[in-house]
Structure formats: C-alpha cells, structure tokens
Amino acid sequence: MQLLTRTAAARMSGDRQLRGMLDTNILILRRWIDPADLPDEMAISAITLAELSAGPHEAVRSDEQEAYAERARRLEILQRAESEFDAIPFDTEAARVYGRVAAAVIASGRKPRRRVADLMIAATAIAQGLPLYTTNPGDFVGLEALTQIIAVPWPAAEN
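Residues numbered from 1 in each chain as written. Predicted model: local features only at pLDDT ≥ 70, side-chain atom pairs only at ≥ 80, totals over all residues. Heavy atoms only, no water.

Draft legend 1. How the structure looks around the packing of helix H5 (residues 92–107) against helix H6 (residues 116–128). Running from N to C, H5 and H6 cross one another at 120 degrees; their axes reach a closest spacing of 8 Å. The orientation of H5 with respect to H6, classified from their angle, is oblique. Handedness of the H5/H6 crossing: right-handed. Contact residues: H5 offers Glu 93, Ala 94, Val 97, Tyr 98, Arg 100, Val 101 and Val 105, while H6 offers Val 116, Leu 119, Met 120, Ala 123, Thr 124, Ile 126 and Ala 127. (Axes fitted to C-alpha atoms, helices over the stretch in contact; angles between N-to-C directions. Helix = DSSP H or I, 4+ residues; strand = E, 2+ residues; numbered from the N terminus. Parallel < 35°, antiparallel > 145°, perpendicular 65-115°, else oblique. Left-handed = near helix turned anticlockwise from the far one by under 90°. Contact = heavy atoms within 4.5 Å.)

Now the structure itself:
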C-alpha cells in the first residue's frame, strides 16, 4: 500500500467514517492537530499506553520546575488516553504479524530493534485491519505493502 494523507485517503475510499489506529505521537500532539486529519473512529494500542506510561519518567530538564511541569504535561496525556480509549492489546495475532513487520523492515535495509514499539503498534494495526495514522511516517518505511500508513501533517505550532 502507499503513504497517503488523510484527505487523499478519504477521497480514495469514499468512506466518511474512517477508522484508524493512532501512533503515540498523535496522542502527544493531538491538541494541536486538526481533527479533520484524524479518523472518525480512533483506536490505540496497549503499546501506546506503555510508551505514554514511560514518558513522565523520562522527563529531563535542566531546571527542576521545568521538569515538574513536563512530567505533569506527560501525565495529563497519559490520563486522557486512558480515559478516552480502550487500548487494543498486543495479542497473539499481533505477535504473529510482528514477524512479517520485522521482515519487511529488514528487507527495506533498516533495523527493527531500533523501533520495536513503533513496529508493535504497526503490527497491532495490521492485525486489526486498521490504517495507521502518524506524524512520523518515516518510522514505518518498508511497511507499505502490509498496511496503509496515513501521514498526518505536523502541527504548525505547539503551545
């Protein structure tokens, strides 16, 4: 499959009720992303919750007050995700699909170990038959034959 923007995907499918899996970066940037660039029915993977759960522990700033503020911001994103979504688990089918995902990444000349979480999210999307929405389509190079990667424009400004 090919890399599409959400607008192009909607035109091609004729489907006004698009469904899709959101990459973790979409949740982080969601308040600045145009809702028209996202599917009407959104899903997330349990892997996304894992990444968001680790986020507050990874907040490092030179100023202690800034570090507290960043941890609070990351916790808020996690809490919103937990309250808005029932995360789709990385199950046996997703684990089987992951083998094909890793093979496709290797075939494209890349190393799957450097992007395990991203590829597990992609495997979950493939197992569920959902396109994957991301602001970082480069993270999924090599997977075009396995799933539809929909590039969401990076927000103009993060405030």
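Draft legend 2. Layout of the side chain of Thr 24. Looking at the element boundaries, Thr 24 is found in helix H2 (residues 24–29). For Thr 24, a relative accessible area of 6% corresponds to the buried category. Reaching out from Thr 24, the side chain makes a polar contact with the side chain of Thr 48 at a distance of 3.1 Å. Apart from residues lying up to four places away in sequence, Thr 24 is in contact with Thr 48, Glu 51, Leu 52 and Ile 121. (Buried < 20%, exposed > 50% of the residue type's maximum accessible area, 1.4 Å probe, protein only. Polar contact = N/O pair within 3.5 Å; in protein donor to acceptor, adjacent residues only side chain to side chain.)

Draft legend 3. Examining the pattern of salt bridges more closely. Scanning the model with the defined rule gives four salt bridges in all. The shortest N-O distance in the salt bridge between Glu 76 and Arg 80 comes to 2.9 Å. Of this pair, Glu 76 and Arg 80 both sit in helix H4 (residues 64–84), four residues apart, roughly one helical turn. By relative accessible area, which is 47% here, Arg 80 ends up partly exposed. Of the charged contacts, one joins Arg 96 and Glu 93 as a salt bridge, the two residues approaching to 3.6 Å between their closest N and O atoms. (Salt bridge = Lys/Arg side-chain N within 4 Å of Asp/Glu carboxyl O.)

It is worth stressing that arrangement in space is one thing and function is another; only the former is reported here.
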